[in-house]
Structures are given as C-alpha cells and as structure tokens.
Amino acid sequence: MSQNLTYEAVDKIYDEKGKNPVHALKDVSFTINAGELFCLLGPSGCGKTTLLRSTAGLETISSGRMMYGDVDISTIPPYKRNIGMVFQSFALYPHMTIFENVAYGLRVRKTPDAEVKRKVTEVMELVGLQEELKRNPSPTGLSGGQQQRVAIARALVYDPDILLLDEPLANLDAKLRRYMRAEIRRIQKATNITTIFVTHDQEEAMAVGDRLAVLKKGVVEQIGTSDELYTQPRNAFVSNFIGKMNFLESTIAGLDGDMVHCKINGTELVVPVEKCRCHMDRLAAGHEVLVGARPEMLVVSKEPVARSVRGTVKIIQHLGQFVRYEVDLDRTISETIFEIDMPGMVRGVHEHDDVYISVKPDVAALFSKEGRE
Ligand SMILES: Nc1ncnc2c1ncn2[C@@H]1O[C@H](COP(=O)(O)OP(=O)(O)OP(=O)(O)O)[C@@H](O)[C@H]1O
Ligand SMILES: [Mg+2]
C-alpha cells in the first residue's frame, strides 16, 4: 500500500559553510497523496532535481523533515528508502542487455534468479516491451522511446514505494513525448505508486499530473490541479507559467461596489473584485497593478470599440482550431508582445496593420506587479 509523502519545512543549502552557498530549497512544505501522480514544474535552476535527489537520499537536506506515511525518511540511507528514480540523463548501461539493465536493482538486492526473471518479464510487459525482451539486445539497439521505457522498467522492477521521474522525456522528439506522457500516466495508474514527475514543460505537467506544484527559486509558489492553477493562479508568475497571460500596466482609479476601475492609458476597464489576485490594499486609487488576460479572453478588431487599446499586428499564425495574433502595444502599457487567439481570421486585418484590442467582459484578472518574473 502506498502512503502519503510529506515535506515539512525542507531547506537545502549547497555549500552551506563555504564561500558560495546556494539556497536551493526554501521552506518547502506540502503533501503528495498516496498513489498520486504529482508534477513538479518550474524554470531551470528552481530546485526540482534537488527536491528529487533529497527525497531519494542522494542529497542531505539542511533542515526540515520528509515523511513517508508516519516514518521520517530524512535520515534513512538511500539504499534503504526503497525509491525508484529515473534520472534527468537516464543513461542505461550500454554493455549490458536490456534484461540485465532492468534486473540490476534486483541483482543488487541478491534476488534469486527465478524471481528476477519473473519480475523483469512482468515489468517489461507493463511498459510494453515484451517483444524487445525476447530479442534482448543492448539498449543501443532500441529507439529513444524504448530506451525510456527500459529506464522506467528499471526503476519499477523492485516495487519501490515512491517513483521519482526527473524530466524523463527531455530527450525525445515532440510527438514521442506526447505519446510517452500518456504512457507514463497509464503505467503510474496501473501500479499506483506515489510518483513525482519533474518537468519544465507546463503543457506536459498539466497533461500528466493529478496535481502540480510550481516552484520558483526554491519556493513553492502554488499547488493545485491543472484547472485550479490555470483558472485561479495566485500571482502573475504562476499565471504566466501555467499557460500564457498577457499583462497590461494599469493604475487603480477606484472601487465601486464589487467592481475595480482601472486606467490603462486613456482607457478605463472594470474588473470584478473576485478576480483580484492581489492583496485588497493594492486596490486603493493610484496603485499600479497588472491587468491579466489570457489569449482567448481578448478580441482583435479592425475598428476601435469601447474600452479598447490600439496596437500593431506583428504576426498572424493560423493554428488550425484558432488564429493567433501577435500584437505590439504601446510599451507604456505592455512590456511584451500580446498574444490573442481568435476563433477565425479577422476580416480585413493583415500583418503590420493597426488594430484595437479589447478584453471580453468580466474575465480579466488583476495581479500585483511584484514577483512577476
Ligand atoms: N551540487 C551542487 N552544488 C552547488 N549548487 C548546486 C548543486 N546542484 C544544484 N545546485 C544549484 O541549486 C539550484 C537548483 O538546482 P537544481 O538542479 O535542483 O535545479 P532544476 O530545477 O532541476 O533545474 P533544471 O530544470 O535545469 O534541471 C541551482 O541554482 C543550481 O545551480
Ligand atoms: Mg533538474
């Protein structure tokens, strides 16, 4: 039976007493439920690998505790933690057959031969490599996706309590990645092992995970389901990491009941208070905030419409189900190019044309400017 995995105020400082300490994990506290497929997402260097290696016991945490069920695993040596790990570079042993690659963890545990054969066969079936196992080549005779499966089989073969996957799909091409991420979900659900899947690809994290945590500079910014993070991001950083968020620089004009009035250049926009993702004291008149709108919340028009801002179309991309307009706005209201997804081509609008951008009613959110990057 799987158990919960809980991090309690975990800190990791590399080179703590040296000249250049790196504070890689800061007060990390959360619980991964028994049997959950949990994704860790965040930009390069945010501490994802550090958290996995600490969980596996390959790094010693500086303070805090890690609990598996009611057992504190923080000080248990790595070989006694019973954790399966697929590393960021999942290097298989090229001089061994795939059978021996997968059997490795069992051989180390001095498992009898008959049991090794049974377990390897079972786990290779689970990852869909029964035919390859019959041929039993060296890993160099397999495709990238097949090698990836061998790496997963190798981590699963000794029935680990926890499975840790560090960017397991990073070396695969886009199509195979999409296929393998569904496979990983299937395999994880079939085994029901408490699993952490690390990626810096938000689409992958949203597609694979039961829940995800967004990490930034060693700090957990938010935890939730894909839908919670997409529709209720806690701050500007999360909103623009889980999907695209366009930001307009704006100043609060005042509060009117449940509506916040914001000024964007000469235009005024109203945002419901419930869509404010910043502290209420940010809503006093004169405060600078960001109005956030996802690409599908905006409209491109050829002619000015009420509460619109003007911009210039840079690129139009037809992406099948929608058309993406990249629009340059006045730099005083947006630092970055806006992305707007329209259900079809907007008649009479071409690249380099001036257009007007408006926000659909009651969908924009307000964010504090702090910690946006
Ligand atoms: N052995 C080490 N000694 C000192 N600093 C380290 C060590 N390993 C990692 N770091 C630093 O700790 C921070 C977190 O690194 P980590 O490898 O956990 O990031 P990551 O989120 O896995 O990044 P990536 O997406 O690039 O794999 C980084 O600033 C990194 O430079
Ligand atoms: Mg890493």
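Predicted model, so just to flag it, every value in this text is computed and none were measured. (Residues numbered from 1 in each chain as written. Chains lettered and ligands numbered in written order. Predicted model: local features only at pLDDT ≥ 70, side-chain atom pairs only at ≥ 80, totals over all residues. Heavy atoms only, no water.)

## As for the overall build of the protein
Scanning the protein from terminus to terminus reveals 9 helices and 20 strands. Counting all 373 residues of the protein, 50% fall into the buried class. For the protein, the exposed area adds up to about 17600 Å²; of that, 50% sits on carbon and sulfur atoms. Measuring between centres, the 46 positive side-chain charges of the protein sit 4 Å from its 50 negative side-chain charges. (Helix = DSSP H or I, 4+ residues; strand = E, 2+ residues; numbered from the N terminus. Buried < 20%, exposed > 50% of the residue type's maximum accessible area, 1.4 Å probe, protein only. Areas by Shrake-Rupley, 256 points an atom, 1.4 Å probe, with all protein chains shown as cover. Lys, Arg positive; Asp, Glu negative; His and termini not counted. Charge placed at Lys NZ, Arg CZ, Asp CG, Glu CD.)

## Here we look at the sheet that holds strand E7 (residues 162-166)
The 6 strands lie next to each other as E6-E7-E8-E3-E9-E10, forming an open sheet whose pairing is mixed. Sheet topology places strand E6 (83-86) and strand E10 (219-224) at the edges, where each strand pairs with a single neighbour. On average, each strand axis in the sheet is inclined to that of its neighbour by 15 degrees, with strand direction left out of account. Pairing between E7 and strand E8 (residues 194-199): 5 bridges, direction parallel. Looking across to E8, one finds that Ile162 is bridged to Thr194. (Pairing = 2+ DSSP bridges. Axes fitted to C-alpha atoms, helices over the stretch in contact; angles between N-to-C directions.)

## Some thoughts on the packing of aromatic side chains
Summed over all chains, the structure comprises 5 aromatic pairs. The interplanar angle of 50 degrees and the centroid separation of 5.2 Å between the aromatic rings of Tyr93 and Tyr104 together place this pair among those described as tilted. Placement of Tyr93 in the loop between E6 and helix H2 (98-108) and of Tyr104 in helix H2 is noted, with a sequence separation of 11 residues between them. Taking relative accessible area as the criterion, Tyr93 reaches 28% and is therefore assigned partly exposed. For Tyr104, a relative accessible area of 36% corresponds to the partly exposed category. (Phe/Tyr/Trp six-rings, centres within 6.5 Å; stacked < 30°, edge-to-face > 60°.)

## Some words on the layout of surface pockets
Of the volumes computed, that of the largest pocket is approximately 560 Å³. As for the largest pocket, its lining consists of 20 residues, and the residues nearest its centre are Ile83, Met85, Phe87, Arg109 and Tyr158. Among the elements of the structure, E6, H2 and helix H5 (144-156) are those that each provide at least two residues to the lining of the largest pocket. A per-class count over the lining of the largest pocket returns 15 nonpolar, 3 polar and 2 charged. (1 Å grid on protein atoms, 1.4 Å probe; cavity = no way out; pocket = protein on both sides within 12 Å on 5 of 7 lines; lining within 4 Å. Points joined across faces, edges and corners; volume = space filled by probe spheres on them. Nonpolar A, V, L, I, M, F, W, Y, C, P; charged D, E, K, R; others polar.)

## Side note on the nonpolar core
Formed by 44 residues in total, the largest nonpolar core has its most connected members in Val102, Val120, Met124, Val150, Phe197 and Val214. With 6 residues, H5 is the single largest residue contributor to this core. The residues contacting Val102, other than those within four sequence positions of it, are Val120, Val123, Met124, Val150, Ala153, Arg154 and Val157. Of all hydrophobic cores here, the second largest spans 34 residues; its members include Tyr325, Ile333, Ile340 and Leu366. (Core = buried A, V, L, I, M, F, W, Y, C linked by side-chain atoms within 4.5 Å. Contact = heavy atoms within 4.5 Å.)

## A short note on the domain arrangement of the protein
For the protein, the assigned domains are domain 1 (5-237) and domain 2 (244-367). A straight line from the C-alpha centre of domain 1 to that of domain 2 covers 39 Å. Counting residues at the interface gives 8 residues for domain 1 and 6 residues for domain 2. Of the roughly 560 Å² buried between domain 1 and domain 2 on both sides combined, carbon and sulfur atoms contribute 50%. (Domains from an automatic or database assignment. Buried area = accessible area lost by both parts, 1.4 Å probe.)

## Some remarks on the environment of Ile162
Structurally, Ile162 can be placed in strand E7. What makes Ile162 buried here is its relative accessible area of 2%. When the C-alpha atoms of Ile162 and Leu106 are compared, they prove to be 16 Å apart, with 56 residues separating the residues in sequence. When residues no more than four places from it in sequence are discounted, the contact partners of Ile162 are Leu5, Tyr68, Asn82, Ile83, Gly84, Ile193 and Thr194.

## A word on the pairing of strand E9 (residues 211-216)
In terms of residue burial, E9 counts as a mostly covered element, since 5 of its 6 residues are buried. Both strand E3 (residues 37-41) and E9 contribute to a ladder of 4 bridges, which runs parallel. Its bridge partner lying in E9, Leu41 is registered against Val214. By the bridge criterion, 5 bridges tie E9 to E10 in an arrangement that is antiparallel. Residue pairing in the sheet places Leu212 in a bridge with Gly224 of E10. In this structure, the hairpin formed by E9 and E10 is closed by a connection of 2 residues, where Lys217 is found at a positive phi of approximately 45 degrees.

## Points about helix H6 (residues 174-191)
Between its first and last C-alpha atoms H6 spans 26 Å; for 18 residues at 1.5 Å apiece the expected length is 26 Å, and the two agree. Listing the buried residues of H6 in full gives Arg177, Met180, Arg181, Glu183, Ile184, Ile187 and Gln188. Tucked into the core, H6 has its buried residues touching E3, helix H3 (113-126), H5, E7, E8 and helix H7 (202-208). Two to three positions downstream of the cap, the backbone nitrogen of Lys175 sits 3.2 Å from a side-chain oxygen, assigning the N-cap of H6 to Asp173. (Expected span 1.5 Å × (residues − 1). Polar contact = N/O pair within 3.5 Å; in protein donor to acceptor, adjacent residues only side chain to side chain.)

## Points about the pattern of salt bridges
On inspection of all chains with the given rule, the structure shows 25 salt bridges. Across the pair Glu183 and Arg149 runs a salt bridge, and its minimum N-O distance is 3.0 Å. Of this pair, Glu183 sits in helix H6 while Arg149 sits in helix H5, placing them 34 residues apart in sequence. A relative accessible area of 11% means that Glu183 is categorised as buried. For Asp328, the salt bridge goes to Lys314, with nearest N and O atoms at 3.9 Å. Taken together, the positions of Asp328 in strand E17 (residues 323-329) and Lys314 in strand E16 (residues 309-318) put the pair 14 residues apart, joining distant regions of the chain. Assessed through its relative accessible area of 39%, Lys314 is described here as partly exposed. (Salt bridge = Lys/Arg side-chain N within 4 Å of Asp/Glu carboxyl O.)

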